[in-house]
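For reference, the chains in residue letters:
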Amino acid sequence: MWFLIKATFWFSLVLVLLPFLDPSSAQKLEHAPKVELGDTFSAANEAFQYISAICIQKPDVCEKGAETFVALGHRARKAPASPTNSSTPSLPKPMPRRRMPR
């Protein structure tokens, strides 16, 4: 689960930074609403505190979420074995290579 949180953080950071890499984005964002950095961190902190308090306020939600992540983890471990299932058609075996005469 920690991997998903970190991956989401870095992906959102990339999405935030992408407009700074495009020189034409300054013109496109000229009339967009301004976002203060302090407000952004404050909102992120409040969201984190709210998510952290969910387990205290509603333990059944936290329990179901844990069960869901365990089930997803089991499915992820089984995923690499899925091409060997009988439900998928098997790939033809490659032909043996012939040695070139010297």
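Residues numbered from 1 in each chain as written. Predicted model: local features only at pLDDT ≥ 70, side-chain atom pairs only at ≥ 80, totals over all residues. Heavy atoms only, no water.

**Q** Any chance you could break down the overall build of the protein chain for me, citing the residues and the numbers?
**A** When helices and strands are tallied, the protein chain shows 4 helices and 0 strands. Counting only residues that meet the buried cut, the protein chain has 1% of its 102 residues in that class. When the accessible surface of the protein chain is totalled, it reaches about 10500 Å², and 67% of it is carbon and sulfur. (Helix = DSSP H or I, 4+ residues; strand = E, 2+ residues; numbered from the N terminus. Buried < 20%, exposed > 50% of the residue type's maximum accessible area, 1.4 Å probe, protein only. Areas by Shrake-Rupley, 256 points an atom, 1.4 Å probe, with all protein chains shown as cover.)

**Q** Residues and numbers for the pattern of salt bridges, please.
**A** Under the defined criterion, the tally for this structure stands at 1 salt bridge. The closest approach of N and O atoms between Glu67 and Lys64, which form a salt bridge, is 3.8 Å. Of this pair, Glu67 and Lys64 both sit in helix H4 (residues 59-78), 3 residues apart, roughly one helical turn. According to the relative accessible area criterion, Glu67 is partly exposed, its value standing at 42%. In this structure Lys64 comes out as exposed when scored by relative accessible area, which is 54%. (Salt bridge = Lys/Arg side-chain N within 4 Å of Asp/Glu carboxyl O.)

**Q** Account for the confidence of the model for the protein chain, naming residues and giving values.
**A** Fine structural detail should not be taken from predicted coordinates in areas where pLDDT scores are low. On average, residues of the protein chain carry a pLDDT of 77, and 75% of them reach 70 or more. Averaged over each element, pLDDT in the protein chain is lowest for helix H2 (residues 25-28) (73) and highest for H4 (85). (pLDDT = per-residue confidence, 0-100.)

**Q** Help me get a handle on the packing of aromatic side chains, residues and values and all.
**A** Scanning all chains against the criterion turns up 1 aromatic pair. For the pair Phe9 and Trp10, a centre-to-centre distance of 5.0 Å together with 75 degrees between the ring planes defines the contact as edge-to-face. By relative accessible area, which is 45% here, Phe9 ends up partly exposed. (Phe/Tyr/Trp six-rings, centres within 6.5 Å; stacked < 30°, edge-to-face > 60°.)

**Q** Could you give an account of a nonpolar patch on the surface, naming the residues involved and the relevant values?
**A** A cluster of nonpolar residues, Phe11, Val14, Leu15, Leu18 and Leu21, forms a patch on the protein surface that exposes about 520 Å² of accessible area. Within the fold, Leu15 resides in helix H1 (residues 2-21). (Patch = residues over 30% accessible without salt bridge, like charges linked within 9 Å, V, L, I, M, F, W, Y side chains within 5 Å.)

**Q** I'd like to hear about the state of the cysteines, residue by residue, with values.
**A** According to the stated counting rule, one finds 1 disulfide in the structure shown. Covalent S-S linkage joins Cys55 and Cys62, the inter-sulfur distance amounting to 2.0 Å. One disulfide, between Cys55 and Cys62, carries an S-S torsion of 60 degrees and so falls in the right-handed class. Given the relative accessible area of 30%, Cys62 is considered partly exposed. (Disulfide = S-S within 2.5 Å.)

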